[in-house]
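This is what each chain is made of:
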Amino acid sequence: MSESTTPGKKGNLTGSARKLKDDAADWHNLIQKWERLNDEGSTIATKIVNLGMSKKSDTEADVVMEGGSVKAGDISDNLKRSNQELEEECVKLQDVVDKMANILSKMEKMVQAERGICELEAFQCGEKRAAPLFHTWSTQQFVEVSSKLYESYKQELALKKTILQELAHTANADLSMVYLSSWLYQPYIEDSGKLLLESLLLETGHRPL
């Protein structure tokens, strides 16, 4: 039973090979969308920090000395406006995180589908198929690469949810900078992940060898 054309030759892919090649393109597209959202979220997060610092300054300025005691004055118009803007930006950042969660859900479904392909192949072909679907990778290698990519983005999303929860409530400027840096540079998505994606695109013919 042949499920693909001979590697390196033109033709229409079918079955498992078609699905795996489509998945490789989907991985690329989803990661591109994630990166755009990350940039958007970084801009919003910076605004939140700036608004938070401004709000802190307004609050401190609104406290007056009266008869030797500290009394909170009326909340200034600037503070009210700052609160409203801060809330609006937090809603925007929540929307970014929700969109990232949707991307992660699609990544998870692809991993599950590829595991299904691997299990079907094991049932039909035994331990190992006679020839690889593309160049050199076994079907199991596709599953392993997709799983590694998924896990890194899963960890990154968890970090971003934490940043979302803490950012607007952090009065410490240094800690705010740590949050902003962590959001922008995505510590759980390492360069090795980019190499995995490129390897996946090369193996499936989306990149020329």
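Before any of the text, the structure's been laid out above.
The shown structure was predicted, so the numbers you read here are calculated from the model rather than taken from an experiment.

A. How the structure looks around the packing of aromatic side chains. Going through the model one piece at a time under the given rule, you end up with 3 aromatic pairs. Considering the side-chain rings of Trp34 and Tyr153, the 4.9 Å spacing of their centres and the 85 degrees angle between planes classify their relative orientation as edge-to-face. Separated by 119 residues along the polypeptide, Trp34 in helix H1 (residues 15-61) and Tyr153 in helix H3 (residues 139-167) bring together distant segments of the chain. With respect to class, Trp34 is no different from Tyr153; both count as buried. Ring pairs connect the aromatic residues Phe134, Trp137 and Phe142, which therefore count as one cluster. Over the face of the ring belonging to Trp183 we find Lys160, whose NZ or CZ atom lies 4.6 Å from the ring centre.

B. Looking closely at the side chain of Thr170. Examined against the element boundaries, Thr170 turns out to sit in the loop between H3 and helix H4 (173-185). The buried category is assigned to Thr170, whose relative accessible area is 11%. Reaching out from Thr170, the side chain makes a polar contact with the backbone oxygen of Glu166 at a distance of 2.7 Å. Setting aside anything within four residues of it in sequence, one finds Thr170 in contact with Met53, Leu175, Ser176 and Tyr179.

C. Up close: helix H5 (residues 191-203). Along its 13 residues, H5 runs 18 Å from first to last C-alpha, staying within 8% of the 18 Å computed at 1.5 Å per residue. With its phi angle positive at about 85 degrees, Gly205 sits one or two positions after the end of H5.

D. Quick peek at unusual backbone geometry. Backbone geometry places Gln186, a non-glycine residue, at a positive phi of 45 degrees. Relative to the elements of secondary structure, Gln186 occurs in the loop between H4 and H5. Take Gln186: its relative accessible area is 4%, and that puts it in the buried class.

Cut-offs and rules
- Just so you know, the residues in each chain are numbered from 1, in the order the chain's sequence is written.
- Only residues with pLDDT of at least 70 get local features here, since the model is predicted, and only at 80 or more are side-chain atom pairs given and counted; chain-wide, interface and lining totals rely on the full set of residues.
- With hydrogens and water set aside, each side-chain value is computed from the structure's full complement of heavy atoms.
- Pairing of aromatic rings covers Phe, Tyr and Trp, the last through its six-membered ring, and needs centres within 6.5 Å; plane angles under 30 degrees mean stacked, over 60 mean edge-to-face, and all others mean tilted.
- Labels follow the DSSP assignment, with helices taken as runs of H or I lasting at least four residues and strands as runs of E lasting at least two, numbered in each case from the N terminus.
- Residue burial is assigned from relative accessible area. The probe radius is 1.4 Å, only protein chains are included, and a residue is buried under 20% of its type maximum, exposed over 50%, and partly exposed in between.
- As a reminder, the over-ring test applies to NZ of lysine and CZ of arginine, requiring each to be within 6 Å of the ring centre and within 35 degrees of the ring normal.
- The definition of a polar contact used here is a pair of N or O atoms within 3.5 Å, where within protein one atom must be able to donate a hydrogen and the other to accept one, and adjacent residues in sequence count solely through side-chain atom pairs.
- It only takes one pair of heavy atoms within 4.5 Å for two residues to be counted as in contact.
- What a helix should span is 1.5 Å times the count of its residues minus one.

Everything listed here is a matter of geometry and, on its own, says nothing about what the molecule does.
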